[in-house]
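Survey of secondary and tertiary structure
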Amino acid sequence: MRKKLVSSINIFLLILSILAICNSLLMLDDYHPLYSSIVEDEAGEIDIKSVKGYLIYINLDSLILKLYKDGSLIRTYPVSGGKNNTPSPTGTWKIISKSDWGEGFGGSWLGLNVPWGKYGIHGTKSPWFVGKSNASHGCIRMKNADAKELYKIVPHGTTVIIVQKTLPFRILKSGDVGSDVLMVQKALKKLGYFHDWESGKYGDNLKRSVIKFQKDNNFKVTGTVNKAVYDKIMQLYKEKLKEEQPEFE
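Parameters and conventions
- Residues numbered from 1 in each chain as written.
- Predicted model: local features only at pLDDT ≥ 70, side-chain atom pairs only at ≥ 80, totals over all residues.
- Heavy atoms only, no water.
- Pairing = 2+ DSSP bridges.
- Helix = DSSP H or I, 4+ residues; strand = E, 2+ residues; numbered from the N terminus.
- Contact = heavy atoms within 4.5 Å.
- Axes fitted to C-alpha atoms, helices over the stretch in contact; angles between N-to-C directions.
- Expected span 1.5 Å × (residues − 1).
- Polar contact = N/O pair within 3.5 Å; in protein donor to acceptor, adjacent residues only side chain to side chain.
- Phe/Tyr/Trp six-rings, centres within 6.5 Å; stacked < 30°, edge-to-face > 60°.
- Buried < 20%, exposed > 50% of the residue type's maximum accessible area, 1.4 Å probe, protein only.
- Lys NZ or Arg CZ within 6 Å of the ring centre and 35° of its normal.
- Core = buried A, V, L, I, M, F, W, Y, C linked by side-chain atoms within 4.5 Å.

**What about the sheet that holds strand β7 (residues 109–112)?**
Taken in spatial order, the eight strands line up as β5-β4-β3-β10-β6-β7-β8-β9 in an open sheet, and their pairing is mixed. Every interior strand has two partners, whereas the edge strands, β5 (72–78) and β9 (140–141), have only one. Pairing of β7 with strand β8 (residues 120–122) involves three bridges; the strand directions are antiparallel. Counted as the bridge partner of G111 is G120 from β8. Together, β3 (54–59), β4 (64–69), β5, β6 (91–99), β7 and β8 form the strand contacts of helix α2 (residues 144–153), whose direction differs from that of β5 by roughly 150°.

Laid out in structure tokens, this is it:
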């Protein structure tokens, strides 16, 4: 009897381990901006027609969510995103969970694979902000009926692009999280300064990388990223990407 119990426990633990590994793979699978399957033109705009299947495109400047299927627009919904001090995760993500959450979430939750926190698309008990202003803690809010309709249409793995060009710059420091931190990690990794996982969290490893970058580029050593440092990182990052692009005759 005891051997059977131990065997059952071991099988249960094995199943839990497999599920945890699968979940981690989903999180690591192209979590950061720009998937290789999405094509950009020379102006940096997304070529919607290059994406097969469903695509959710959210513009938090115009407060609009557009749903595409095989490059064709099939639905448009008003939305509300994060406030300036709690911004939504801009970039390209995937839907990795779908749940029927409670009243505060309008009964529909589409979870995104953002590595630094729990973000998703859902309904709201404050619909008066939807389509009017960005007022959430980072999630994308929709009217409950719209969220329910979207929930029924899109499957797990659907690509979600979130853009917001009017978001003000903030000085990045230890403890910060967000898409801007993720972008700095991505750029410094390409430039050979950052050697950790791109998590979107400003930890000690990123701080050391920033300090080294500041020393190498004659900035005041602070371990924080102000606008001048950010612009220099992005300038060198873009130059590096351009160098790596193959030349065609």
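And the narrative resumes.
**Quick word on helix α5 (residues 227–244)**
When the terminal C-alpha atoms of α5 are compared, their 26 Å separation across 18 residues agrees well with the 26 Å that a helix rising 1.5 Å per residue should span. Buried residues belonging to α5 abut α3 (179–190) and α4 (204–216). The opening residue of α5, the one whose side-chain oxygen lies 3.2 Å from the backbone nitrogen of A228, is N226.

**Observations concerning the packing of aromatic side chains**
For the coordinates displayed, the defined rule picks out six aromatic pairs. Seen from their ring centres, Y193 and F213 are 5.4 Å apart, and the 75° between their planes marks the pair as edge-to-face. Here Y193, found in the loop between α3 and α4, pairs with F213, found in helix α4; they are 20 residues apart in sequence, far enough to count as distant. You'll find Y193 and F213 in the same group, each marked buried. Ring pairs connect the aromatic residues W93, W116 and Y119, which therefore count as one cluster. A cation over an aromatic ring shows up here: K98 above the ring of Y151, its NZ or CZ 4.7 Å from the ring centre.

**Some remarks on the environment of I56**
Checked against the element boundaries, I56 lands in strand β3. On the accessibility criterion, I56 (0% relative accessible area) is buried. Each residue touching I56, except ones within four places of it in the same chain, is listed here: L65, K66, L67, I95, I121, L150, V154, T158, T159, V160 and I161.

**With respect to the nonpolar core**
Judged by nonpolar contacts, the single largest core of 24 residues is most densely connected at I56, I58, I121 and L150. If you list the elements that add at least two residues to this core, you get β3, β4, β6, β7, α2 and β10 (159–163). Of all the elements, α2 adds the most residues to this core, at three residues. With sequence-adjacent residues up to four places away left out, I121 is seen in contact with I56, I58, S108, W109, L110, I140, M142, L150 and V160.

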